[in-house]
Amino acid sequence: MKLLSYICNGQEKVGIIGTDPEKVVPVSTLGFQAQDMVGFIREVGGEVPVSLLEKVDAAAGDAFADCKLLAPIKYPAQDVMCLGTNYQEHRDETAKSTVVYDASKTDTIYFGKRVAEAVDPFGYIEGHFDIVERLDYEVELAVIIGKDAKNVPIEQAQDYVLGYTILNDVSARNLQTIHQQWYFGKSLDGFTPIGPWIVTRDEIGWLPELPIRSYVNGELRQNSNTRMHITDIDAVICELTQGMTLKAGTIIAMGTPSGVGMAFDPPRCLNSGDVVRCEIEGIGVLENTVR
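The present account deals with the structure reproduced in this document. (Residues numbered from 1 in each chain as written. Predicted model: local features only at pLDDT ≥ 70, side-chain atom pairs only at ≥ 80, totals over all residues. Heavy atoms only, no water.)

When helices and strands are counted, the protein chain shows seven helices and 18 strands. Taking 291 residues into account, the globule formula puts the C-alpha radius of gyration at 19 Å, and the protein chain, at 18 Å, falls close to it. Along the three orthogonal principal directions, the C-alpha set of the protein chain runs to about 55 × 45 × 30 Å. Looking at the protein chain as a whole, 56% of its 291 residues qualify as buried. By sequence separation, contacts in the protein chain at least 24 residues apart represent 77% of the contacts at least 6 residues apart. (Helix = DSSP H or I, 4+ residues; strand = E, 2+ residues; numbered from the N terminus. Rg over C-alpha atoms; globule rule 2.2 N^0.38 Å. Buried < 20%, exposed > 50% of the residue type's maximum accessible area, 1.4 Å probe, protein only. Contact = heavy atoms within 4.5 Å.)

What follows is the structure, given as C-alpha cells:
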C-alpha cells in the first residue's frame, strides 16, 4: 500500500492507495481519526495491517488525477536523521572534495537535518542564492519509523519500520565548508523534498535492494542500488536507539550514491530553473525545480 498526504477539493487529507492506482481512499473513510501522517502512523501502532487492503479496495475514494500530492510527512516531529557517505563510491568522491570530511574514519557518520516544512514531491527547491554559492542534490532512500524505538536489538529492527520514501538531501556546499559542519548547509528552508508517498514495508520488503537514480535537466547524474549501503537499515536503527529515542514518524535518510554535483571537475551545481528528478524503483519519483 501507498500512504500519502494530499489535497483534493480544497481539503488536506491522509490517504491510502491500494490495488487501484487511480483511487485514493481517505483514512477518515476507513474509521481513522488522524489529521496528518504522523497521527495516522501512531494510530495504526507502527504497522499498516495487510488486512486493511481489502477495505481500501472496497471503499469509495478520491480520483488520483484530482489530487495534489504533498510531502507525506510535511512537518517532521524531529530532525531528519541522515547518514553521511554511506555508499563507498560517494565516500571516495567526497574525500577528494573541499567539503569537511575525514576519510580515515570508518564509523558511520550521522547528522541531523532541520526541516521546518518538507517540500512537496513536485514543489520548488529554494536556492537561497543570496548566501548559497554551490547548491547540490542528493537522492536518498528514506526510512520511516513506525513506532517509538529505544534499545532495539538488530534482529528486531524491521518491526520498527513502517515503510520507505524518497528524500532529496539538498545541500549548500559552501556553507558546509565555511562552517566546518553539515547541519546549517543542509537545513535551509526548502531544502528537503520528500515523497511522493510512503510505500509500506510489506510491499517493498526488508533491507530493500532498489535501483536509485537522479537526473538534472534530464541528464543522468547518480545511478546505483540501495544494496550498496555500507551501513544497513537494521544496524542504523540498532545503533541510534542505544542512546536516543526515535519517535514514531522519524525519517532516516540512508545516504546518497556517487555523482553529486560537487564531485565533477569542475563542479556541476544547481542553478535557478534546473529540474532535479530523483527516482527509486518500487517507490516512485520526486521532481523539483530550483528557484
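Don't stop here, the text continues.
Before going further, it helps to spend a moment on the environment of Cys67. Within the secondary structure, Cys67 is located in the loop between β4 (62-63) and β5 (68-70). In this structure Cys67 comes out as buried when scored by relative accessible area, which is 14%.

On to the pattern of salt bridges, then. Counting across every chain of the model gives 20 salt bridges. The partner of Glu279 in a salt bridge is Arg277, with the nearest N and O atoms 2.6 Å apart. Judged by its relative accessible area of 28%, Arg277 is partly exposed. (Salt bridge = Lys/Arg side-chain N within 4 Å of Asp/Glu carboxyl O.)

Further remarks concern the packing of aromatic side chains. Enumeration over the complete set of coordinates arrives at three aromatic pairs. Judged by centre distance (5.1 Å) and plane angle (80 degrees), the ring pair of Phe32 and Phe40 falls under edge-to-face. Each member of the pair, Phe32 together with Phe40, is buried. Relative to Trp197, the ring of Phe64 lies with its centre 6.1 Å away and its plane at 55 degrees, an arrangement referred to as tilted. On the criterion of sequence distance, the pair formed by Phe64 in the loop between β4 and β5 and Trp197 in strand β13 (residues 194-200) is long-range, its members being 133 residues apart. With relative accessibility at 24%, the residue Phe64 sits in the partly exposed group. Taking the ring centre of Tyr160 as reference, the NZ or CZ of Lys147 above it sits at 4.8 Å. Residue placement shows Arg221 over the ring face of Phe264; its charged tip is 5.4 Å from the ring centre. (Phe/Tyr/Trp six-rings, centres within 6.5 Å; stacked < 30°, edge-to-face > 60°. Lys NZ or Arg CZ within 6 Å of the ring centre and 35° of its normal.)

Geometry only, nothing functional implied.
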